[in-house]
Amino acid sequence: EFEPNDPRRVEFIYLDGDDFMGEPFKKDWSVTGSTPAKYIKQDVASGFPPNISQNNDRILRLADVILMLAECKLLGPAGDVPGAAALINQVRHRADPTDAILAPRPSGATKEQMVAFLQHERRIELCFEGHRYDDLVRWQRAGLLNVSDIDFGRTPANQNWSEKNLLKPIPQREIDLNPKLTQNEGY
């Protein structure tokens, strides 16, 4: 999914031959032929190959917030394509300040094109951060034809799943703070 020469690729994932703490990464080290590089700091990783790090996982990053706002602008009632493009380009520009490798997304794109750009950017920028499944479910791209297609591998978990679970509940505290918010259906 990475665009050619995307500078994030070498920071986010090790592929065969990449510099891996002074050694070339060998695809045989992983059943997939690659391994995440994101959040493995070379100066604090332990063991070899160093796949354990003391570097904290990020729960929420600015890029995630910016892309969430872009999605709201794009898929909200106004369908603000230029506003979404500006936000997506902000994330791309951070990765490539010259805009020479990661060309800015055109503000004149169609809504459908901008949705594809947004989905691509979330997939790349937020890889290995645990957002992908929720994104696919929210965009109805998780390969689920109906709720009976979901199998958590345990009968009680399967029995407790319903259509309402496609959206999570809004915390009551947030509803109390903002009277314009309404709870998602089913909660």
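Residues numbered from 1 in each chain as written. Predicted model: local features only at pLDDT ≥ 70, side-chain atom pairs only at ≥ 80, totals over all residues. Heavy atoms only, no water.

Q: Report on the layout of surface pockets, specifying residues and quantitative values.
A: A volume near 670 Å³ is recorded for the largest pocket. In this structure, the largest pocket is lined by 25 residues; those nearest its centre are M68, D134, D135, R138 and K168. Breaking the lining of the largest pocket down by element, the ones donating at least two residues are α2 (62-75) and α5 (132-138). Here the element with the most residues in the lining of the largest pocket is α2; it accounts for six residues. When its residues are assigned to classes, the lining of the largest pocket shows 14 nonpolar, four polar and seven charged. (1 Å grid on protein atoms, 1.4 Å probe; cavity = no way out; pocket = protein on both sides within 12 Å on 5 of 7 lines; lining within 4 Å. Points joined across faces, edges and corners; volume = space filled by probe spheres on them. Helix = DSSP H or I, 4+ residues; strand = E, 2+ residues; numbered from the N terminus. Nonpolar A, V, L, I, M, F, W, Y, C, P; charged D, E, K, R; others polar.)

Q: Which residues make up helix α4 (residues 111-125), and what values go with them?
A: The terminal C-alpha atoms of α4, which comprises 15 residues, lie 21 Å apart, in line with the 21 Å expected from a rise of 1.5 Å per residue. Those residues of α4 not exposed but buried are M114, F117, L118, Q119, H120, E121, R122, I124 and E125. Buried-residue contacts for α4 involve α1 (8-12), α2, α3 (81-95) and α5. (Expected span 1.5 Å × (residues − 1). Buried < 20%, exposed > 50% of the residue type's maximum accessible area, 1.4 Å probe, protein only. Contact = heavy atoms within 4.5 Å.)

Q: So what about the nonpolar core? Which residues, and what values?
A: Counting 15 residues, the largest nonpolar core has A70, L74, I88, M114 and L118 as its most contacted members. Residues contacting L74, with those up to four places away along its chain left out, are G79, D80, V81, A84, K111, M114, V115 and L118. (Core = buried A, V, L, I, M, F, W, Y, C linked by side-chain atoms within 4.5 Å.)

Q: So, the pattern of salt bridges: which residues are in play, and what are the values?
A: Per the stated rule, a full pass over the model turns up 19 salt bridges. When the shortest N-O distance is used, the salt bridge between R105 and E3 registers 3.5 Å. Here the residue R105 occupies a position in the loop between α3 and α4, and E3 occupies one in the segment before α1, the gap between them amounting to 102 residues. R105 gets classed as buried once you look at its relative accessible area, which sits at 15%. Among the salt bridges present, the one from E129 reaches R61, with a minimum N-O distance of 2.9 Å. Of the two residues, E129 is situated in the loop between α4 and α5 and R61 in the loop between β4 (35-36) and α2; the sequence distance between them amounts to 68 residues. Just as E129 is buried, R61 falls in that class too. A cluster of three or more residues bridged by salt bridges with shared partners is formed by E3, D6, R8, K38, R61, R92, R94, R105, E121, E125 and E129. (Salt bridge = Lys/Arg side-chain N within 4 Å of Asp/Glu carboxyl O.)

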